[in-house]
Amino acid sequence: MTHVTEDDLDDLEFDTLRTGDHISAARRLAELAEAVSGGVSRANVLLRAGEQWQHAGDHARAAETYRSAIADGGETYGDPRAYLADALFELDEADEARKLIEQIRADRPRDPEVYRAVAEVLYAQGDPLGAHEWATAGADVVLALRDRAVGVGAGTGSTPQDEDASLTPGPDDVALAEDSLEALLRLRYRARIDLGREEDDYDALLDDLLKNE
């Protein structure tokens, strides 16, 4: 068994960015997934392997690897179903991809990165309306977390998550969510341009974030 940390995986991916050899990285990650012990979950390593297969253009292998990550059931970053949906779209299996996206929606995720991932997938597939919807929902998740943390409820929008007052986010939760906010708002703005919509309060919030950088 091999002890693997997130830093180890990050280093491997960084080297791959330099070499461009995504196939070797995918194979190495697949090997690590079978031998990993502690540090990171097998599912997490499989998810990263799937991403490398996609970067290599082998969407079928990517989909197979994402399915393995989902079947494993271990802890992962984001939601493996969003990554699988991306691969399925590339394989012209749009119906199954959209079923996965609807499953994610039904689960009402609290991680804004899940919303960002789905929004990016839909935008890449030429669905600005779907991307706009998911990016908005993701931004609302961040704003709801922010509002619950300070107890004022003054966000731009609202989500079903707002109904659960028992969810009290800590400073780390809010900080991580805030990191996603700009990306969500940028993607939402691009979708709004494609849809021919005028700027709104969310766009004003993006302007404020950019001014404070």
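See above for the structure.
First things first, this report covers the structure right here in the doc. Since we're looking at a predicted model, the values are computed, not measured. Sequence order as written defines the numbering, with residues in each chain counted from 1. Two thresholds apply to this predicted model, a pLDDT of at least 70 for residue-level local features and 80 or more for giving and counting side-chain atom pairs, whereas whole-chain, interface and lining totals are computed over all residues. Excluding hydrogens and water, the side-chain figures rest on all heavy atoms present in the structure.

### Topic: the layout of surface pockets
Of the volumes computed, that of the second largest pocket is approximately 240 Å³. Those elements giving two or more residues to the lining of the second largest pocket turn out to be α3 (42-55), α5 (80-90) and α7 (112-124). Secondary structure elements are taken from DSSP: a helix is a run of H or I of four residues or more, a strand is a run of E of two residues or more, and numbering for both begins at the N terminus. Top element by residues in the lining of the second largest pocket is α7. It accounts for five residues. Here a cavity denotes a set of grid points, spaced 1 Å apart and computed over the protein atoms alone, in which a 1.4 Å probe fits but from which it cannot get out, and a pocket denotes an open set meeting protein on both sides within 12 Å along at least five of seven lines; residues with an atom within 4 Å of a point are reported as lining. Grid points are joined across faces, edges and corners, and a volume is the space filled by probe spheres set on the points.

### What about helix α4 (residues 59-72)?
With 14 residues, α4 should reach 20 Å at 1.5 Å per residue; the first-to-last C-alpha distance of 20 Å fits that figure. Think of it in three bands: with a 1.4 Å probe and only protein chains considered, a residue is buried below 20% of the maximum accessible area for its type, exposed above 50%, and partly exposed in between. Turning to α4, its buried residues are H59, A62, A63, T65, Y66 and A69. Seen from one end, α4 has its buried residues packed into an arc of 165 degrees, which puts them on one side. At the exit of α4 stands G73, carrying a positive phi of roughly 80 degrees. In this scheme, a helix's expected span is set at 1.5 Å multiplied by one less than its residue total. Picture the helix axis, draw a direction to every C-beta atom, and the arc is the one those directions span.

### Quick notes on unusual backbone geometry
Even without being a glycine, D92 presents a positive backbone phi close to 60 degrees. One can find D92 in the loop between α5 and α6 (94-106). Taking relative accessible area as the criterion, D92 reaches 72% and is therefore assigned exposed. Within the chain, R108 stands out as a residue other than glycine whose phi angle is a positive 50 degrees. On the secondary structure map, R108 appears in the loop between α6 and α7.

### A word on α7
Here α7 spans 18 Å end to end across 13 residues, near enough to the 18 Å set by a 1.5 Å rise per residue. Considered for burial, the residues of α7 that qualify are P112, V114, Y115, R116, A117, V118, A119, V121 and L122. Where α7 begins, the capping side chain belongs to D111, and its oxygen is found 2.9 Å from the backbone nitrogen of E113. G126 lies just past α7 and shows a positive phi near 75 degrees. N or O atoms within 3.5 Å of each other form a polar contact, as long as, within protein, one can give a hydrogen and the other can take it, and as long as residues adjacent in sequence are counted only when both atoms are side-chain atoms.

### What about the pattern of salt bridges?
We count a salt bridge whenever a side-chain nitrogen from Lys or Arg sits within 4 Å of a carboxyl oxygen from Asp or Glu. What the rule picks out here adds up to 20 salt bridges. Measuring nitrogen to oxygen at the nearest pair gives 3.5 Å for the salt bridge that ties R98 to D127. One end of the pair, R98, is in helix α6; the other, D127, is in the loop between α7 and α8 (128-150), with 29 residues separating them in the sequence. R98 sits in the partly exposed class, given a relative accessible area of 38%. Take D127: its relative accessible area is 17%, and that puts it in the buried class. Connected through shared salt-bridge partners, E6, D10, E13 and R48 make up one network.

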